Amino acid sequence: LLMQMAEAGVRPNIVTYNTLISKHQASGQLDRANALLESMRASGVRPDVVTYSSLIDGLSRSLRHRQAERLWCRMRELGIQPDAATYNIVVRMYVRTHQLRDARGAITDMAASGFVPSPATYSPLLAAFGKEGDVHALVDVLAEMQRRGVELDVRAMQAVASATAA
């Protein structure tokens, strides 16, 4: 597509690149998605939060956690501010790697940045503590949710139920 656009004299923009990157990461073609990031930079199009979120999510889902975490750090070094979706992706990334303290830290950063964590933010963390049988940590997270006015959704309730049944 990029070659066809170039032949037609059409310069790809941020939407073009983000769409292609998202498509490639969703289909598991992460090396191609990363190559598009480099192509994007080389062509003078500045990646944004959507670009990085898509790549971080794809890398994390593909168990390429170190790369995902490096990209997360790079994004912030470049001054690209995460949005709520990015924070949710990062929380899931840390939960996948059993870095539960870092997951909680991401939630704290999220709130400090003005975003309200949602049940979807907390559910992976609750599920991880439930799976580990760490009822104390689970109750602590529930108390934090209550302080922030976040209500339990079905996934969060399932995590709590499975922890208390163990």
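Our subject is the structure listed above.
Residues numbered from 1 in each chain as written. Predicted model: local features only at pLDDT ≥ 70, side-chain atom pairs only at ≥ 80, totals over all residues. Heavy atoms only, no water.

A. Structural detail: the packing of aromatic side chains. Within the structure shown, the criterion is met by two aromatic pairs. Each ring, one from W72 and one from Y87, has its centre 5.8 Å from the other, and the planes form 75 degrees; the classification is edge-to-face. Placement of the pair is W72 in helix α5 (residues 65–77) and Y87 in helix α6 (residues 84–96), with a sequence separation of 15 residues. Both residues of the pair, W72 and Y87, count as buried. Summarising the aromatic geometry, the rings of Y87 and F115 are spaced 6.0 Å apart at their centres and angled 55 degrees between planes, so their arrangement reads as tilted. One end of the pair, Y87, is in helix α6; the other, F115, is in the loop between α7 (100–112) and α8 (119–132), with 28 residues separating them in the sequence. Following the ring pairs from residue to residue traces out a cluster consisting of W72, Y87 and F115. (Phe/Tyr/Trp six-rings, centres within 6.5 Å; stacked < 30°, edge-to-face > 60°. Helix = DSSP H or I, 4+ residues; strand = E, 2+ residues; numbered from the N terminus. Buried < 20%, exposed > 50% of the residue type's maximum accessible area, 1.4 Å probe, protein only.)

B. Just the pattern of salt bridges, in detail. All told, the structure shown has eight salt bridges when counted by the stated rule. Across the salt bridge formed by R64 and D31, the nearest N and O atoms sit 3.0 Å from each other. Taken together, the positions of R64 in the loop between α4 (49–61) and α5 and D31 in helix α3 (residues 30–42) put the pair 33 residues apart, joining distant regions of the chain. Across the pair E38 and R41 runs a salt bridge, and its minimum N-O distance is 2.8 Å. Remark: R41 and E38 occur in helix α3; sequence separation between them is three residues, near one turn of the helix. (Salt bridge = Lys/Arg side-chain N within 4 Å of Asp/Glu carboxyl O.)

C. Just unusual backbone geometry, in detail. Even without a glycine there, the phi angle at L63 is positive, about 65 degrees. Tracing the backbone shows L63 in the loop between α4 and α5. Positive phi is not limited to glycine here, since H98 has a value of about 60 degrees. Structurally, H98 can be placed in the loop between α6 and α7. Here H98 falls in the exposed class, since its relative accessible area comes to 61%.

D. Representation of the environment of S54 within the structure. Tracing the sequence through the fold places S54 in helix α4. We classify S54 as buried; its relative accessible area is 10%. Expressed as a C-alpha distance, the spacing of S54 and D83, which sit 29 residues apart in the sequence, is 12 Å. Excluding its chain neighbours within four sequence positions, the residues that come into contact with S54 are I21, S22 and Q25. (Contact = heavy atoms within 4.5 Å.)

E. Layout of α5. In a regular helix each residue adds 1.5 Å, so 13 residues correspond to 18 Å; α5 covers 18 Å between its end C-alpha atoms and thus fits that length. Along α5, the residues that are buried comprise H65, A68, L71, W72 and M75. Seen from one end, α5 has its buried residues packed into an arc of 125 degrees, which puts them on one side. Exposed residues pointing more than 90 degrees away from the buried face of α5 are listed as R66, R70 and E77. (Expected span 1.5 Å × (residues − 1). Arc of directions from axis to C-beta.)

F. Just α8, in detail. Here α8 spans 20 Å end to end across 14 residues, near enough to the 20 Å set by a 1.5 Å rise per residue. Taken together, the buried positions of α8 are occupied by T121, Y122, S123, P124, L125, L126, A128, F129 and G130. Of the residues trailing α8, G133 is marked for its positive phi of about 75 degrees.

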